[in-house]
Structures are given as structure tokens and as C-alpha cells.
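Okay, here's what each chain looks like letter by letter:
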Amino acid sequence: MDLRNATVNRRRLLTLLGASSATAVAGCLGGDGDGEEPTTTASDAVPDQYRTATGLNGEQRDPDALSAKSDVNYQSEPKAGQTCSRCAFYVPDKNGDGVGACTIVEGTVEPNGYCVSYLPHEADDDSDARSPVDVPEDAECAVCGMTVANFPEWNAQAVHEDDTRAFFCTAGCAVTYDAVTEQFADTDADVEGLWVRDFDSRELVHGTSAHYALETDSDRVDDPMKLNPAPFAAREDAVAYVEEVEHLSEEDIVEWSAFDRDVAEQYRGQLLE
Ligand code: SF4
């Protein structure tokens, strides 16, 4: 499964990274022109394909028997590791816009969202392979080789379809790994799940649905590699972040698909073959 399946404003990314400090290595983005920003924010309406869709628990959505988001305290962030994507009532994304729906709550919901009606999806045979795990004490970053457990507020991890695990010191190494998997992975199996630390909460969140502020000032953020994108589960947190930074704007918030090999060159170029 290719995890990079959304569109991004690549020209803006090129402009930003090209203007970064001397520690951000030179390079440029390839590919064709601009794409439209994907819709990743939950709304009160659902596309037709969700109206009577089936949730993870196999039950069908009844559009006439739904709770309002305000009644169930829906929020766009996880709570204690509980997310819509792990909830029995969740209807996974059907149209590639990064959000799904719920069989008991109105509107679209984000995979990293949460509400008080959360019910853990009963484990099936491979569910463990789709969840993050405790970082082994001796795990080395699959990209840079640093000891991952030394960076509990920054580390990230991935799992492949054959259950092979990979651990990373930071989000920058994680996105590089997924962009250039053939160099760093110990398996040919596709990456099936990837998690990064939310920049504010430091909790692990789904990397493929996170919103990334393309931080390029190595002196501003005291992270282990001095050059990392800042992930946020909620887009509004990413917006709040860039609003506080003079050299960034909302156009510098990108989705997972931005991190192809060309961008990996910008963040971890010295480690690429
Ligand atoms: S956590 Fe709430 S909104 Fe999310 S899928 Fe479960 S019931 Fe629906």
C-alpha cells in the first residue's frame, strides 16, 4: 500500500525548503505542477458513500439516528491514545480525502478524532500489527542509527505488512524512511502503519493523516536532528504553530504525500545514497 496518496502544493514546498537555512541542504523538487490541498477537516455533512456505510464493527450507519458532535463532545484530537480510527463505529476514508465517518455521530470524522462514545474496535487477527508498540531499549533509528528510546518526546515508528517494525528518532527520519524505504527497510513489504509524535502533546498520532508544518529553522526547535517537520494531529494546531513563526505561513502546512524522495533530500540528504 502506498501511504503517500494525497495531493500537496509542491511548488510552495520547493520555495520554502529552498529558502531554508544553510543546514538545510540544497536541492529542488521534481514532478509536475500544483495540486489542490486535500480536505482533512471533519464537517457536518457526509458524502453519499457514507450515508449508510458500514463501520468497523460491521453495523450499518442509519442517517436518521445520529448524535450531534456537540452531544458526544467530539474533538479532532486523540484522547489517551483513543482515536476514531480504532473505534468500533468508525467508517474508514472512502474517497481519499483523509477523513472518514461514524455510524452513530453526524458528519465526517477524522481518524485521529475522538468522542465520549468511543468503543474500542474488537481486536482481529492483525490489529496488533496496526498499532504502535513500546520502543525497545536497544532499537536504533532505521535512518540515522541513533538510539530511539533516548528521545521519547520525538521518536516515531512504522510497521510493514509483514509485521516488520522500524523505529525512528524523529519525524524527519520517519518521513525519510517512508519516502526511500528501499534504502532503509529490512523488508520488501509495504509500510502499513506509521506514527509520529504530535508536536504539542508529544503523543503518537497517525503519521499519514497528520498535518506537518515545514519547519526549516534548525535553531528554533531543539529537536535531536535539528531539522524536522513539526507534526500535528489537528490542522488548527499546525495553523497556530505557523502563525507564531515569522518565516512560515498556512501554505507551509502539508500532508503526508509531500514527503517524497526530493523532500527527504532536504531533511536527511546527507544520509541518502
Ligand atoms: S470516537 Fe466517537 S466520533 Fe469517533 S468513530 Fe467512535 S463514536 Fe464515532
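Throughout what follows, the structure given in this document is the object of discussion. (Residues numbered from 1 in each chain as written. Predicted model: local features only at pLDDT ≥ 70, side-chain atom pairs only at ≥ 80, totals over all residues. Heavy atoms only, no water.)

### So, the side chain of Lys-69
- Topologically, Lys-69 is positioned in the loop between α1 (10-18) and β1 (90-91).
- There is a polar contact of 2.7 Å between the side chain of Lys-69 and the backbone oxygen of Thr-108. (Helix = DSSP H or I, 4+ residues; strand = E, 2+ residues; numbered from the N terminus. Polar contact = N/O pair within 3.5 Å; in protein donor to acceptor, adjacent residues only side chain to side chain.)

### Overview of the packing of helix α2 (residues 171-179) against helix α5 (residues 261-268)
- It is at 9 Å that the axes of α2 and α5 come closest, and there the two elements cross at 145°. Crossing handedness for the pair α2 and α5: left-handed. Here Gly-172, Cys-173, Thr-176 and Ala-179 of α2 lie close against α5, whose contacting residues are Arg-261, Ala-264 and Arg-268.
- Its residues assigned to classes, the contact of α2 with α5 comprises three nonpolar, two polar and two charged. (Axes fitted to C-alpha atoms, helices over the stretch in contact; angles between N-to-C directions. Left-handed = near helix turned anticlockwise from the far one by under 90°. Contact = heavy atoms within 4.5 Å. Nonpolar A, V, L, I, M, F, W, Y, C, P; charged D, E, K, R; others polar.)

### So, the pairing of strand β4 (residues 156-160)
- With respect to burial, β4 is a largely interior element, five of its five residues being buried.
- Side chains Ala-156, Ala-158 and His-160 of β4 all project onto a buried face; the interleaved residues Gln-157 and Val-159 project onto the opposite face, where all are buried too.
- Strand direction decides the pairing type here: β4 and strand β5 (residues 165-168), joined by four bridges, are antiparallel. Note that in β5 the partner of Gln-157 across the bridge is Phe-167.
- Hairpin connection from β4 to β5: four residues lie between these consecutive antiparallel strands, with Asp-163 at a positive phi of about 80°.
- Bridging between β4 and strand β6 (residues 191-197) involves four bridges; their strand directions are antiparallel. Across the sheet, Val-159 pairs through a bridge with Gly-193, a residue of β6. (Buried < 20%, exposed > 50% of the residue type's maximum accessible area, 1.4 Å probe, protein only. Pairing = 2+ DSSP bridges.)

### Side note on the sheet that holds strand β7 (residues 204-206)
- If you walk across this open sheet you meet the four strands as β5-β4-β6-β7, and the pairing is antiparallel. Among the strands making up the open sheet, the edge pair consists of β5 and β7. Here the average twist between neighbouring strands, direction ignored, is 25°.
- Relative to β7, β6 runs antiparallel, the two sharing three bridges. Considered in β7, the bridge of Trp-195 is made with His-206.

These figures come from the coordinates and say nothing about function on their own.
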